[in-house]
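Chain by chain, the residues run as shown.
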Amino acid sequence: MDARLPPTPRDDPIVCPHCDAVYTLKRPSAGQRAVCARCHTPLITPRKKAGLQIIAVSLAVVVLVIAATVFPFLTIKAAGVQNSVSILDAALAFSDGWLIVLSLSTAALIIFVPLLRVLLSLYVLIPVVLDRMPAKGSRQAFRLAEALRPWSMAEIFAIGCAVALVKITDLADVSFGPAFWMFSALVVLVVAQDSFMCRWSVWKSLEGLRK
């Protein structure tokens with residue numbers, strides 16, 4: 001008779017999101033990092049008061065997204081004619097026929113998706129930081145926020161604007177509006193928010209508070 005031992009469960013396994021290597025790790029101390037030995041991707045990056053920092057950055061992102069959508073982004077002068085355009089105007093510039101789909105997709109990728117990710121993060125993190133029970137559906141909300149991360153293309157829009165401005169300056173006088181500087185700060189804050197967040201720590205906190 002072939003007697004087989006049952007599989008030994010692993011405590012706190014973690015899978016590298018890039019190379020799928022599986023590890024059993026202890027939580028590092030604040031300021032330390034756990035890095036994948038195969039592809040060197042950071043797996044766990046706990047920080048002191050990281051939750052408060054992320055919430056503060058997220059609130060700033062919400063304010064900047066709303067303000068950058070309303071205020072003028074660029075002012076173009078050519079042949080005695082001056083025109084100011086906002087980010088939302090630029091995204092919805094082509095709104096005739098089937099092009100409305102492209103316009104709405106552009107607006108979603110550079111405005112609504114980043115805003116939705118930030119709001120979902122606030123919904124998840126505020127109860128965690130306050131040591132309260134997770135909000136209803138917080139695990140699904142955080143999973144959705146992570147799924148939307150590749151589709152948040154604010155920085156891609158900024159690079160595209162920079163390339164376009166280099167070509168436009170030879171044809172017209174271009175001046176930056178308030179929304180340009182707000183959007184530049186927004187890109188920096190979005191990158192900072194992603195670097196501050198330790199996703200493993202968020203999942204563990206949600207699981208611990210739920211128990």
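Scroll up for the structure.
Residues numbered from 1 in each chain as written. Predicted model: local features only at pLDDT ≥ 70, side-chain atom pairs only at ≥ 80, totals over all residues. Heavy atoms only, no water.

Q: Looking at this structure, I do not really get the pattern of salt bridges. What am I missing?
A: Oppositely charged side chains can pair when the atoms bearing their charge come close. Following the criterion strictly, the structure yields 2 salt bridges and no others. In this structure, E146 and R149 form a salt bridge, with 3.4 Å as the shortest nitrogen-oxygen distance. Taking the relative accessible area as the measure of exposure, R149 reaches 35% and is therefore partly exposed. Among the ionic pairs, E146 bridges to R199, the shortest N-O distance being 2.6 Å. One end of the pair, E146, is in helix α4 (residues 138-147); the other, R199, is in helix α7 (residues 199-210), with 53 residues separating them in the sequence. In terms of burial, E146 and R199 fall into one category: buried. Sharing partners across several salt bridges, the network here consists of E146, R149 and R199. (Salt bridge = Lys/Arg side-chain N within 4 Å of Asp/Glu carboxyl O. Buried < 20%, exposed > 50% of the residue type's maximum accessible area, 1.4 Å probe, protein only. Helix = DSSP H or I, 4+ residues; strand = E, 2+ residues; numbered from the N terminus.)

Q: Whenever I open this one, the nonpolar core confuses me. Can you help?
A: The tendency in soluble globular proteins is for nonpolar side chains to be buried side by side. Within the largest apolar cluster, 32 residues are counted, with the highest numbers of intra-cluster contacts made by V61, F73, I87, F183, L186 and V202. Of all the secondary structure elements, the ones that give two or more residues to this core are α1 (50-70), β5 (72-78), α3 (99-129), α4, α6 (178-196) and α7. Formed by 10 residues, the second largest nonpolar core is a distinct cluster that contains I14, C19, A34 and I44. (Core = buried A, V, L, I, M, F, W, Y, C linked by side-chain atoms within 4.5 Å.)

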